[in-house]
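# Reading the structure
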Amino acid sequence: MRKTTLITGGAGYIGSHTALALINAGHKVLVLDNLCNSCRECIRRLEQLTLTRVDFIKGDIRDPVLLDDIFSRYDIEAVVHFASLKSVEESVRKPLDYYANNVAGTLDLCQAMARNNVFQLVFSSSATVYGEPSHTPIAEDVGTGKPVNPYGRTKLMIEELLTDLCDSDPRWSIGLLRYFNPIGAHESGMIGEDPRGRPNNLLPCLTQVAIGRIPELTVYGSDYPTVDGTCVRDYIHVVDLAIGHLKALQVLQHNNGIHFWNLGTGVGYSVLQIIHSFEDITGISIPYRFAPRRLGDIAKCWADPGKAGRELGWSAQRGLEQMITDTWRWQSCNPQGYQSSFKIPAPVAVK
Ligand SMILES: NC(=O)c1ccc[n+]([C@@H]2O[C@H](COP(=O)([O-])OP(=O)(O)OC[C@H]3O[C@@H](n4cnc5c(N)ncnc54)[C@H](O)[C@@H]3O)[C@@H](O)[C@H]2O)c1
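So, here's what we can say about the structure. (Residues numbered from 1 in each chain as written. Predicted model: local features only at pLDDT ≥ 70, side-chain atom pairs only at ≥ 80, totals over all residues. Heavy atoms only, no water.)

Quick look at the overall build of the chain now. In terms of helices and strands, the chain carries 11 helices and 14 strands. By the compact-globule yardstick of 20 Å for 351 residues, the chain fits well, its C-alpha radius of gyration being 19 Å. Put simply, the chain has 351 residues, and 56% of those count as buried. Long-range contacts, defined here as pairs at least 24 residues apart, represent 80% of the contacts in the chain between residues at least 6 apart. Of the roughly 15000 Å² of accessible surface on the chain, a fraction of 51% belongs to carbon and sulfur atoms. Charged side chains in the chain number 34 positive and 37 negative. The centres of these two groups are separated by 4 Å. (Helix = DSSP H or I, 4+ residues; strand = E, 2+ residues; numbered from the N terminus. Rg over C-alpha atoms; globule rule 2.2 N^0.38 Å. Buried < 20%, exposed > 50% of the residue type's maximum accessible area, 1.4 Å probe, protein only. Contact = heavy atoms within 4.5 Å. Areas by Shrake-Rupley, 256 points an atom, 1.4 Å probe, with all protein chains shown as cover. Lys, Arg positive; Asp, Glu negative; His and termini not counted. Charge placed at Lys NZ, Arg CZ, Asp CG, Glu CD.)

Another aspect to go through is the packing of helix H7 (residues 202-211) against helix H11 (residues 320-333). The N-to-C vectors of H7 and H11 enclose an angle of 50°; their axes lie 10 Å apart at closest approach. If you check the angle between H7 and H11, you find them oblique. Here H7 runs over H11; the crossing is right-handed. Across from Leu-203, Thr-207, Gln-208, Ala-210 and Ile-211 in H7, the residues of H11 making contact are Thr-327, Trp-328, Gln-331 and Ser-332. Residues belonging to the contact of H7 with H11 are distributed by class as follows: 4 nonpolar, 5 polar and no charged. (Axes fitted to C-alpha atoms, helices over the stretch in contact; angles between N-to-C directions. Parallel < 35°, antiparallel > 145°, perpendicular 65-115°, else oblique. Left-handed = near helix turned anticlockwise from the far one by under 90°. Nonpolar A, V, L, I, M, F, W, Y, C, P; charged D, E, K, R; others polar.)

Within the secondary structure layout, Phe-290 lies in strand E13 (residues 288-291). Looking at Phe-290, the relative accessible area reads 40%, which means it is partly exposed. When the C-alpha atoms of Phe-290 and Val-80 are compared, they prove to be 38 Å apart, with 210 residues separating the residues in sequence. Residues in contact with Phe-290, not counting those within four places in the same chain, are Val-219, Gly-221, Ser-222, Thr-230 and Leu-272.

Turning our attention to the site of the ligand. Taken together, 28 residues surround the ligand, and among them Ile-14, Asp-33, Asn-37, Ser-38 and Tyr-151 come closest. A distance of 2.8 Å separates an oxygen atom of the ligand from a polar atom in the backbone of Tyr-13. Between the ligand and Asn-101 there is a distance of 2.8 Å, counted from a nitrogen atom to a side-chain nitrogen or oxygen. Within the complex, 96% of the 820 Å² of free accessible area of the ligand lies under protein. (Near = heavy atom within 4 Å. Polar contact = N/O pair within 3.5 Å; in protein donor to acceptor, adjacent residues only side chain to side chain.)

This part is about the sheet that holds strand E12 (residues 269-270). One open sheet accounts for 3 strands, arranged E12-E9-E14; its pairing is mixed. Each end of this open sheet is capped by a strand with a single partner; those strands are E12 and strand E14 (300-301). Pairing of strand E9 (residues 232-233) with E14 involves 2 bridges; the strand directions are parallel. Its bridge partner being in E14, Val-232 is matched across the sheet by Lys-300. (Pairing = 2+ DSSP bridges.)

Each pair of aromatic rings is reported with the distance of its centres and the angle of its planes. In the structure shown here, the tally under the stated rule is 4 aromatic pairs. Centroid distance Phe-119 to Trp-172: 5.2 Å. Interplanar angle 90°. Geometry classified as edge-to-face. Note that Phe-119 is positioned in the loop between helix H5 (95-115) and strand E5 (120-126) and Trp-172 in the loop between helix H6 (150-168) and strand E6 (173-179), a separation of 53 residues in sequence. For Trp-172, a relative accessible area of 2% corresponds to the buried category. Both rings, one in Phe-278 and one in Trp-328, keep their centres 5.5 Å apart while their planes meet at 85°; by these two values the pair is edge-to-face. Of this pair, Phe-278 sits in helix H9 (residues 271-282) while Trp-328 sits in helix H11; the two residues are 50 residues apart in sequence, bridging distant segments of the chain. Here the two residues Phe-278 and Trp-328 agree in accessibility, since each one is buried. One Lys or Arg, Arg-293, reaches over the ring of Tyr-224 and ends 4.1 Å from the middle of that ring. (Phe/Tyr/Trp six-rings, centres within 6.5 Å; stacked < 30°, edge-to-face > 60°. Lys NZ or Arg CZ within 6 Å of the ring centre and 35° of its normal.)

Attention now moves to helix H1 (residues 13-24). Structural remark: α-helix, 3.6 residues per turn; residues separated by three or four positions point the same way. Between its first and last C-alpha, H1 extends 17 Å over 12 residues, near the 16 Å set by a 1.5 Å rise per residue. Of all 12 residues that make up H1, 11 are buried, and the element is covered over most of its length. Those residues of H1 not exposed but buried are Tyr-13, Ile-14, Gly-15, Ser-16, His-17, Thr-18, Ala-19, Leu-20, Ala-21, Leu-22 and Ile-23. The first or second residue beyond H1 is Gly-26, which carries a positive phi of 95°. (Expected span 1.5 Å × (residues − 1).)

Before going further, it helps to spend a moment on H6. Over its 19 residues, H6 extends 27 Å from the first C-alpha to the last, a length consistent with the 27 Å expected when each residue adds 1.5 Å. Buried residues of H6: Pro-150, Tyr-151, Gly-152, Thr-154, Lys-155, Leu-156, Ile-158, Glu-159, Leu-161, Leu-162, Leu-165 and Cys-166, and no others.

Time to look at the pattern of salt bridges. Where side chains of opposite charge bring their charged atoms close, a pairing between them can arise. Within this structure, the stated rule accounts for 18 salt bridges. Measuring nitrogen to oxygen at the nearest pair gives 2.8 Å for the salt bridge that ties Glu-41 to Arg-45. Of this pair, Glu-41 and Arg-45 both sit in helix H2 (residues 40-50), separated by 4 residues, roughly a single helical turn. One salt bridge connects Arg-178 with Glu-159, and the closest N-O pair in it is separated by 2.7 Å. Taken together, the residues span a long stretch of sequence, with Arg-178 in strand E6 and Glu-159 in helix H6 at a distance of 19 residues. Glu-159 matches Arg-178 in its accessibility class, with the two residues each being buried. (Salt bridge = Lys/Arg side-chain N within 4 Å of Asp/Glu carboxyl O.)

Listed below in structure tokens is the structure:
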């Protein structure tokens, strides 16, 4: 019988795309999600896309009884751990929620894994662990910096916790995937990013302006030392990111210990470049206004993805045009996210 990969947070944005990539590659998956930032409809759509039943349990990673029950009922080989709260702004207002959910939740998960003899883990980390980089592109060997908000500090604490765990017991094999800026959606338009409440990230804000849910886009800061004064980031297509998890799982099977990999494209785009590319690709003009810089936003950040290339045989394949086209297809087919009844997408008109 095929062994199962447990995906915590698998009903969320990146988790659902990874579940799809794993199922398509022949993995048997089990999704565990408390749906605090996602919904069941996502699982239903995964089933439509894969034409298989997707095992799903609504529950919390901080529930040790549930975790033991899951590990006893399923033959779990590895865990891909996405479950986390992820709003930088909310983490400043509610740090205890973030430390409890993200750090203590990961501790609960690892304890349950150890009790049940499961030692392979892929963890969703973030470029935020580098803090303010002294130079770009950022390679893993620059070491971590000082994250500038509680959310980022939870990611760094978890990285340290998992490193200590690997040092303490050679049975563990753990991959820390440091994502840069995931955007895009599956090309079907059936799954994508569906943030609850007002979105924080650029692309969901931009597409919600385009669809008329938000009147205008706010661009924070116009005086950064960058090509046009706005922040520069390394945007990566979520499907490329999902494939990175598949590659990491393959490598972890034969390589114990702790591993760090940047998942980015190695190319940076400014906020204004993204807005103008979106306008060119969709033909929709985006009203925006400048506001002062946001506390904690760094000027520029993009990855050196060479280590993932060498060790995982992975590199991002999808460029900016596809990222924007796929994001827009998802948003325009699902104006209210997963609350929308899905319409078969018309081809996106590319100018
Ligand atoms: N999206 C990004 O820009 C980004 C960048 C870097 C890192 N990450 C990390 O990647 C991971 C996935 O991010 P995402 O964008 O898909 O977020 P998301 O909010 O869409 O997905 C996270 C999922 O975890 C679930 N969840 C949260 N706490 C849980 C708990 N205690 N028990 C069970 N389920 C729980 C939520 O319901 C949600 O479905 C997170 O760890 C996030 O911190 C995201």
